[in-house]
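Here is how the chains run, residue by residue.
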Amino acid sequence: MSTTNLNKVMRQALVAGAGHMMPGAGNALAARFIEAAGHKMMLVSGAAVANNYLGVPDLGLVSVTELAEHVAAIRDVVNIPILADGDTGFGNAINARRTVQLLERAGANAIMLEDQTYPKRCGHFEGKDIISTQEMVSKLKAAVDARKDPDLMILARTDARAVEGFEAALDRARAYQEAGADFLFIEAPLTREELLAIPAAVPGIHLCNMVIGGKTPLLPREELAQAGYAVVCYANAALQASMLAMQQAMQYLAEHGSIQGFESKLMMFAERQDVLGANHFKELEKRYT
């Protein structure tokens, strides 16, 4: 399916209360597993890209061109809508405009921009700081103007809960919606009551992020959908699962000098090639040789 058609698919799917599951990936391999599991949309997580690609925390160290390369690689291997985490837009409104252009060209179907200062940090870290509402409004207007396809969606994220409080975060969400954001994300509410109150307090299309071990309580999809959420995001579940698996496998190898006895926790060679689409490349070789 073309990127343009996927833009329409995503826009039509995101309605209040839909409760779509949206896992996150930091590379094309994780993206393959997300699609293969039957998920209908996915996030290119900025944190997962930083952790996977650079081996560093989510502190704004990935460049916009590195992010765009990851989005393009993921677009090449999956045929479901992609939300790309555009961080702060990598600067001011002019930078945000270029970020949207790069990520749309790379194959994103929606782009998230947030109101942290640049460089940003993980939404569940301490010590965050945010720009003014007006500066973020300017970025969102630039983002809306920058997109070539009007069906490409702009997601406005606010981290104001940690800095100015819950009511201020709601006020910012309203302002961002008025500025042209297609859907909204209030990051890191601290209680179940806050999390469930957001969609009713600011009517529209909302995403929530379930961070395992983070500040926000983990609630089931059904309850979040009933509250009005269009998207329930697990930005780094795949990453956290893979990190634990790698840690355990490498520790076992170091302690035993062999992987024997651990095989049941590893994907076998043939299955690995199947996941990677090896047969497709074999067919291409036959066609061209």
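Relevant structure appears above.
Rules of the game
- Residues numbered from 1 in each chain as written.
- Predicted model: local features only at pLDDT ≥ 70, side-chain atom pairs only at ≥ 80, totals over all residues.
- Heavy atoms only, no water.
- Axes fitted to C-alpha atoms, helices over the stretch in contact; angles between N-to-C directions.
- Helix = DSSP H or I, 4+ residues; strand = E, 2+ residues; numbered from the N terminus.
- Left-handed = near helix turned anticlockwise from the far one by under 90°.
- Contact = heavy atoms within 4.5 Å.
- Patch = residues over 30% accessible without salt bridge, like charges linked within 9 Å, V, L, I, M, F, W, Y side chains within 5 Å.
- Areas by Shrake-Rupley, 256 points an atom, 1.4 Å probe, with all protein chains shown as cover.
- Salt bridge = Lys/Arg side-chain N within 4 Å of Asp/Glu carboxyl O.
- Buried < 20%, exposed > 50% of the residue type's maximum accessible area, 1.4 Å probe, protein only.
- Pairing = 2+ DSSP bridges.
- Core = buried A, V, L, I, M, F, W, Y, C linked by side-chain atoms within 4.5 Å.

Asker: Teacher, can you tell me more about the packing of helix H7 (residues 166-178) against helix H8 (residues 192-201) here?
Answerer: Two quantities define a packed helix pair, namely the angle between the axes and the distance from one axis to the other. Packing of H7 against H8 leaves a shortest axis separation of 11 Å and a crossing angle of 35 degrees. Regarding H7 and H8, the two cross each other, and that crossing is right-handed. Residues Phe166, Leu170 and Arg174 of H7 lie in contact with H8, whose contacting residues are Glu194, Ala197, Ile198 and Ala201.

Asker: What should I look at first to understand a nonpolar patch on the surface in this one?
Answerer: Side chains of Tyr53, Leu54, Leu59, Leu61 and Phe125 sit close together on the surface and give an oily, nonpolar patch of about 420 Å² of accessible area. For leucine 59, a relative accessible area of 32% puts it in the partly exposed group.

Asker: What is the right way to look at the sheet that holds strand S7 (residues 207-209) in this model?
Answerer: The strands that make up a sheet pair up through hydrogen bonds in the backbone, lying either parallel or antiparallel. Across the sheet, 8 strands lie side by side as S6-S5-S4-S3-S2-S1-S8-S7; this open sheet has parallel pairing. Each edge of the sheet is formed by a strand with only one pairing partner; in this case those strands are strand S6 (183-186) and S7. Each strand of the sheet is rotated relative to its neighbour by a mean of 25 degrees, with strand direction disregarded. Strand direction decides the pairing type here: strand S2 (residues 42-44) and strand S3 (residues 82-85), joined by 3 bridges, are parallel.

Asker: What exactly am I supposed to notice about the nonpolar core here?
Answerer: Across soluble globular proteins, you tend to see nonpolar side chains buried next to one another. Ranked by internal contacts, the top residues of the largest apolar core, which has 57 residues, are Met42, Val44, Leu67, Val71, Leu103, Ile111 and Leu224. When sequence neighbours within four positions are dropped, the list of residues in contact with leucine 103 reads Leu67, Ala68, Val71, Ala84, Gly86, Ala108 and Ile111. Within the second largest apolar cluster, 18 residues are counted, among which are Ala110, Met153, Phe183 and Cys233.

Asker: Which parts of the structure should I look at to understand the environment of valine 231?
Answerer: Mapped onto the fold, valine 231 is located in strand S8 (residues 231-234). The sequence separation of valine 231 and methionine 22 amounts to 209 residues, and the corresponding C-alpha distance is 6.6 Å. Excluding residues that lie within four positions of it along the chain, valine 231 makes contacts with Leu14, His20, Met22, His206, Leu207 and Cys208.

Asker: What is the right way to read unusual backbone geometry from this model?
Answerer: Among all residues except glycine, the phi angle is most often negative; among peptide bonds, the trans geometry is most common. In the segment running from tyrosine 118 into proline 119, the intervening peptide bond is cis, with an omega of 0 degrees. Note on placement: proline 119 falls in the loop between strand S4 (110-114) and helix H6 (133-146). The backbone of aspartate 87 shows a phi angle near 50 degrees, a positive value even though the residue is not glycine. Its place among the elements puts aspartate 87 in the loop between S3 and helix H5 (93-106). In the Ramachandran plot, phenylalanine 90 falls in the positive-phi region, its phi being about 65 degrees despite a non-glycine side chain. By secondary structure assignment, the location of phenylalanine 90 is in the loop between S3 and H5.

By themselves, these are just geometric observations and shouldn't be taken as functional.
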